[in-house]
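# Working through the structure, step by step
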Amino acid sequence: MSADTYGKGVKKANKELSARRVDKIIELISLCKPTGEIVRVCSSEWGVSTRQAETYLQKARGVIRERFDQMDRKDWVASALEKLEKVATMSIESRQHSNAIGALGLSAKLLQITGREN
């Protein structure tokens, strides 16, 4: 049985293969896939046990935490605002105005300029 990119059929994953699997799980997390679905993907597509899938998930979450721990808060806010601006622009162009309003609302929250003082 030949191995694919993520090592289906491999008895024991080496560091490189494990890293690819963790990267794939990070991608799935970024696509808002639920934990149960991520574990199922690992088990069915890579042939790993549920316990091993949960270990990969834990490693992926650790990598994500590490990335954000190293990022300055101002840099993160600037990056998020840039993405929200792009979402608002694309939403207006596609006539999805409620999405544009939502993106602008989130931007206001990030900038802490929400609400009225009565």
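In this report, we go over the structure that sits alongside the text. Residue positions are given per chain, counted from 1 along the sequence in the order it is written. Reporting of local features is limited, given that this is a predicted model, to residues whose pLDDT is at least 70; pairs of side-chain atoms are given and counted only at 80 or more, and all residues count toward the totals for whole chains, interfaces and linings. Processing note: side-chain calculations cover all non-hydrogen atoms of the structure and skip hydrogens and water entirely.

This paragraph deals with the overall build of the protein. To qualify as a helix, a DSSP run of H or I must reach at least 4 residues; to qualify as a strand, a run of E must reach at least 2; elements of each kind are numbered from the N terminus. When helices and strands are tallied, the protein shows five helices and zero strands. Helices (α) and strands (β) of the protein occur, in sequence order from the N terminus, as α-α-α-α-α. For the exposure calls, accessible area comes from a 1.4 Å probe over protein chains only, and a residue counts as buried if that area is under 20% of its type's maximum, exposed if over 50%, partly exposed in between. For the protein, the proportion of its 118 residues judged to be buried stands at 24%. Only heavy atoms enter the contact rule, under which two residues are in contact if any of them lie within 4.5 Å. Across the protein, the fraction of contacts at a sequence separation of at least 24, relative to all contacts at a separation of at least 6, is 44%. Total accessible area computed for the protein in this model is approximately 9100 Å², and 52% of it derives from carbon and sulfur atoms. Per-residue accessibility takes into account occlusion by the displayed protein chains alone, with areas from the Shrake-Rupley method and a 1.4 Å probe.

On to helix α2 (residues 35-46), then. To estimate how far a helix should extend, the number of its residues minus one is multiplied by 1.5 Å. Its 12 residues give α2 an end-to-end C-alpha distance of 16 Å, which sits within 8% of 16 Å, the value for a rise of 1.5 Å per residue. Buried within α2 are the following residues: I38, V39, V41, C42 and W46. Taken down its axis, α2 places every buried residue within 155° of arc, on the same side. Where α2 is buried, its residues meet α1 (15-30) and α3 (50-70). It is the directions from the helix axis to the C-beta atoms that the arc portrays.

It is worth spelling out the packing of aromatic side chains at this point. Between 30 and 60 degrees the pair is tilted, below 30 it is stacked and above 60 it is edge-to-face, where a pair is any two Phe, Tyr or Trp rings, Trp via its six-membered ring, whose centres lie within 6.5 Å. If you walk through the whole model with that rule in mind, you get two aromatic pairs. Between the aromatic rings of W46 and Y56, the centroid separation amounts to 6.1 Å while the plane-to-plane angle is 85°, which identifies the pairing as edge-to-face. Linking W46 in helix α2 with Y56 in helix α3, this pair joins segments that are 10 residues apart in sequence. A relative accessible area of 2% means that W46 is categorised as buried.

With that settled, consider the pattern of salt bridges. Any carboxyl oxygen of Asp or Glu that lies within 4 Å of a side-chain nitrogen of Lys or Arg is treated as forming a salt bridge with it. All told, the structure shown has three salt bridges when counted by the stated rule. Residue R20 pairs with E16 through a salt bridge whose shortest N-O separation is 2.9 Å. A residue pair is termed a helical-turn pair when its members lie 3 or 4 positions apart in one helix, as R20 and E16 do in helix α1 at four residues. Classification of R20 by relative accessible area gives partly exposed; the value is 30%. E16 sits in the exposed class, given a relative accessible area of 55%. K33 is the salt-bridge partner of E37, the closest N and O atoms lying 3.9 Å from each other.

For helix α5 (residues 97-110), which comprises 14 residues, the first-to-last C-alpha distance of 20 Å matches the rise-based estimate of 20 Å (1.5 Å per residue) to within 8%. Burial in α5 covers these residues: A100, A103, S107 and A108. The buried residues of α5 occupy one face: seen down the axis, they fall within an arc of 140°. Residues of α5 that are exposed and point more than 90 degrees away from the buried face comprise S98, I101 and K109. Among the structural elements, α4 (73-93) are those in contact with the buried residues of α5. Within two residues after α5, Q112 carries a phi angle of roughly 60°, on the positive side.

Moving on: a nonpolar patch on the surface. Without a salt bridge and with relative accessible area above 30%, a residue can belong to a patch; like charges are then joined within 9 Å and nonpolar side chains (Val, Leu, Ile, Met, Phe, Trp, Tyr) within 5 Å. A surface patch of nonpolar side chains, about 290 Å² in accessible area, is lined by F68, M71 and W76. Its place among the elements puts W76 in helix α4.

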